[in-house]
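Structural overview for review
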Amino acid sequence: MYLYNSATHKKEEFRTHTPGRVEMYTCGPTVYHFAHIGNLRSYIMEDVLEKFLRYEGYDVNRVMNITDVGHLASDADTGEDKMLKGAKRENKSVMDIARFYTDAFFDDCAKLNIKTPDVVQPATGLIGEFIRVVSALIDRGYAYLAGGNVYFDTSRLDRYYVFNDHDEEDLAVGVREGVEEDENKRNKNDFVLWFTKSKFEDQALKWDSPWGVGYPGWHIECSCISMKFNGEYLDLHCGGVDNAFPHHTNEIAQSEAYLGHPWCAQWFHVHHLNTNSGKMSKSKGEFLTVSLLEEKGYDPLAYRFFCLQSHYRKGLVFSWENLDNAAGAYNKLIKRIAALTRLDGAVDEEAAAQLKERFLTQVGNDLNTAQGITCLYDVLKAPVNDVTKRAVLASFDQVLSLSLLEKAAALREKEAAQAKTAGADGFTIQGGGDPEIDALVLQRAEAKKAKNFAEADRIREELKGRGIEVTDVPGGAVWKRI
Ligand SMILES: [Zn+2]
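Residues numbered from 1 in each chain as written. Predicted model: local features only at pLDDT ≥ 70, side-chain atom pairs only at ≥ 80, totals over all residues.

1. Details of the overall build of the chain
- Each helix and strand in the chain was counted, giving 17 helices and 19 strands.
- Relative to its 482 residues, the chain shows a buried fraction of 41%.
- In the chain, the share of contacts with a sequence separation of at least 24, taken over all contacts with a separation of at least 6, comes to 72%. (Helix = DSSP H or I, 4+ residues; strand = E, 2+ residues; numbered from the N terminus. Buried ≥ 20, exposed ≤ 12 C-beta atoms within 10 Å, placed from the backbone. Contact = placed C-beta atoms within 7 Å.)

Following this line, the structure appears as structure tokens:
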């Protein structure tokens, strides 16, 4: 596939260090609160990327961290620890908060058909590894102790601004958030690897280390977790675009300083979900969660469909109206799939291969999921039998994960149940227990009752076309396959 690489600012042919295998890393959530649907947009797009690579035949090893310590309110190492903030807010222990919101995150992912990565590693479970890498960085002259903390020395690098579309403006992040400069830093972009002295007194989780009792910085956890479970060469690193600086920049700095060679080849950044008033965040406006969507009657997969309709490198504007439009289109699509016949027959393998080829090319062009959706409509319009259509749709859904056939089956059952209720005035149908056929037989009986004989005949012909013979009996109808 071709993928835009934010480290080189180019769309490149995707390659891996070991042929056929993808080492993939995803920055996981900081589990101090529910994820908002803007965060989940990134996880949806990363999920499609992983599934597309598997669909292309790659063996993928996907690793994700869970940040349960060390992520301060500002990404520039200042402010209060987010976990501690969550614990205070809810009057619970940090570990209780971490457990609760980790579970909540994976519940949301399940509702959105996001697969759980192969390895999920909470930061607090790997402290010894962080200490080992930080020690090595000090030994190699890439880190220094100042004021009780260990800092990474960015002046030791040939190149720090690897994502050079981030200008000086971004570097002022700490200042912008009203946080004073850390006087211990030798260079303004140096960052903390290990804290023993932070700006707040009551950090809940602390560990012994060669530099005193303290806790790791946020950036070091992703490098260590990836190097441990993905190995020394990472093929693909994913995250939201707001993680590019300083988080990913710092990950590269410390990983390459530690390894002594280039670390990650491709960087995949998903852009923001915006509201009409700007970037979505937990602190601003309505706190939009998957549960809130459900409370308002939306299928979480309609939100997934909404995300897939637009490109991951473009900001996406969320509004209830936009979501309504997506939900309407999603329901219509399911309806059309539900209307496909389910007779046995042969899949037209040649036509199916052509449709799949097109899907691979379209989606393989920088993960163009909107074109992936268009491919679904192309299948429905294709001059092939319904068996082929269903098989190809099921195949594409391995990547898109919209539960297309499952939702269509559920819709058919619901409609059949409703049809039976509607004909509840004693009309009975005997047949093979196929709700779709039952519904047609009932429709025919109702057409006859309304003296709409043309429609009744048309349905009889349609049933005949599907290999069904229907016979009227007193108070009902019997049907059988011929
Ligand atoms: Zn990370």
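Here the narrative resumes, following the displayed structure.
2. Re the sheet that holds strand E8 (residues 143–146)
- The antiparallel open sheet is built from 4 strands, whose spatial order is E8-E9-E10-E11. Strands with a single pairing partner mark the edges of an open sheet, and in this sheet they are E8 and strand E11 (215–216).
- Here strand E9 (residues 149–152) runs beside strand E10 (residues 191–195); their pairing, made up of 3 bridges, is antiparallel. Following the sheet pairing, Phe152 is matched in E10 by Phe191. (Pairing = 2+ DSSP bridges.)

3. A closer look at the packing of helix H2 (residues 82–90) against helix H3 (residues 94–111)
- Between H2 and H3, the shortest axis-to-axis distance is 8 Å and the interhelical angle comes to 95°. Taken together, the axes of H2 and H3 lie roughly perpendicular to each other. Along its contact with H2, which presents Met83, Leu84, Gly86, Ala87 and Glu90, the element H3 presents Val94, Ile97 and Ala98.
- For the contact of H2 with H3, the residue count by class is 6 nonpolar, 1 polar and 1 charged. (Axes fitted to C-alpha atoms, helices over the stretch in contact; angles between N-to-C directions. Parallel < 35°, antiparallel > 145°, perpendicular 65-115°, else oblique. Nonpolar A, V, L, I, M, F, W, Y, C, P; charged D, E, K, R; others polar.)

4. Some points on the sheet that holds strand E7 (residues 119–122)
- The strand order across the open sheet built from 5 strands is E7-E4-E3-E12-E13, with neighbouring strands paired in parallel fashion. Either end of the sheet is taken by a strand with one partner, and the two such strands are E7 and strand E13 (264–270). Averaged over all adjacent pairs, the angle separating strand axes in this sheet is 20°, with direction ignored.
- Packing of helix H1 (residues 37–55) onto the sheet brings it into contact with strand E3 (21–26), strand E4 (59–66), strand E12 (234–240) and E13, and relative to E13 it is tilted by some 135°.

5. Examining the packing of helix H10 (residues 300–308) against helix H11 (residues 320–338)
- Contact pair H10 / H11: the axes reach a minimum separation of 8 Å and the direction vectors enclose 100°. Comparing the axis directions of H10 and H11 gives the class roughly perpendicular. From H10, Leu301, Ala302, Tyr303, Phe305 and Phe306 reach across to H11, where they touch Asn322, Leu323, Ala326, Ala327 and Tyr330.
- The residue makeup of the contact of H10 with H11, split by class, is 9 nonpolar, 1 polar and no charged.

6. Overview of the nonpolar core
- Counting 109 residues, the largest nonpolar core has Val48, Val134, Leu137 and Leu193 as the members making the most contacts within it.
- The biggest single contributor to this core is H1, with 9 residues.
- Apart from residues lying up to four places away in sequence, Leu193 is in contact with Val134, Leu137, Ala143, Val150, Tyr151, Phe152, Gly217 and Ile220.
- By size, the runner-up hydrophobic cluster in this structure holds 9 residues, among which are Ala439, Leu440, Val441 and Ile468. (Core = buried A, V, L, I, M, F, W, Y, C linked by C-beta atoms within 7 Å.)

7. Thoughts on the pairing of E8
- In this sheet, E9 lies alongside E8 in antiparallel orientation, the contact comprising 4 bridges. Residue pairing for E9: Ala146 is matched across the bridge by Asn149.
- Joining the antiparallel neighbours E8 and E9 is a turn of 2 residues, in which Gly147 adopts a positive phi near 55°.

8. Some remarks on helix H14 (residues 386–400)
- The terminal C-alpha atoms of H14 lie 20 Å apart, and with 15 residues this matches the ideal 21 Å at 1.5 Å per residue to within 8%.
- If you check which residues of H14 are buried, you get Thr388, Lys389, Val392, Leu393, Phe396, Val399 and Leu400. Down the axis of H14, the buried side of the element spans an arc of 125°, and every buried residue falls inside it.
- A positive phi of about 50° marks Ser401, the residue just after H14. (Expected span 1.5 Å × (residues − 1). Arc of directions from axis to C-beta.)

9. Section: the environment of Val387
- Along the chain, the position of Val387 falls in helix H14.
- On the basis of neighbour count, Val387 is assigned to the partly exposed category, with 18 C-beta atoms found within 10 Å.
- As for Val387 and Ala346, which are separated by 41 residues in sequence, their C-alpha atoms are 6.9 Å apart.
- Discounting chain neighbours no more than four positions away, the residues touching Val387 are Gly345, Ala346 and Val347.

10. Focus: the confidence of the model for the chain
- Scored by pLDDT, the chain comes out at a mean of 89, with 90% of its residues at no less than 70.
- For residues 172–178, every residue scores under 50 in pLDDT, and the model assigns this stretch 9 contacts once sequence neighbours within four places are set aside. (pLDDT = per-residue confidence, 0-100.)

11. Structural notes on helix H12 (residues 349–363)
- Its 15 residues place the ends of H12 21 Å apart at the C-alpha level, agreeing with the 21 Å of an ideal helix rising 1.5 Å per residue.
- Taken together, the buried positions of H12 are Leu355, Phe359 and Val363. Along the long axis of H12, the arc covered by the buried residues comes to 55°, so they all point the same way. Set apart from the buried face of H12 by more than 90 degrees, the exposed residues are Glu349, Glu350, Ala353 and Glu357.
- Where the residues of H12 are buried, they touch H1, helix H13 (369–381) and H14.

12. Some remarks on the environment of Pro216
- With respect to the helices and strands, the residue Pro216 is situated in strand E11.
- C-beta crowding within 10 Å serves as the criterion here: with 27 such atoms nearby, Pro216 is assigned to the buried category.
- Through-space distance from the C-alpha of Pro216 to that of Leu193 is 5.9 Å; in sequence the pair is 23 residues apart.

13. Some words on the pairing of E12
- The buried fraction of E12 is high, at 7 of 7 residues.
- Relative to E12, E3 runs parallel, the two being bridged by 3 bridges. Opposite Tyr25, over in E12, you have His237 as the bridge partner.
- Of the strand pairs in this sheet, E12 and E13 are connected by 6 bridges, and their pairing is parallel. Residue pairing in the sheet places Gly239 in a bridge with His269 of E13.

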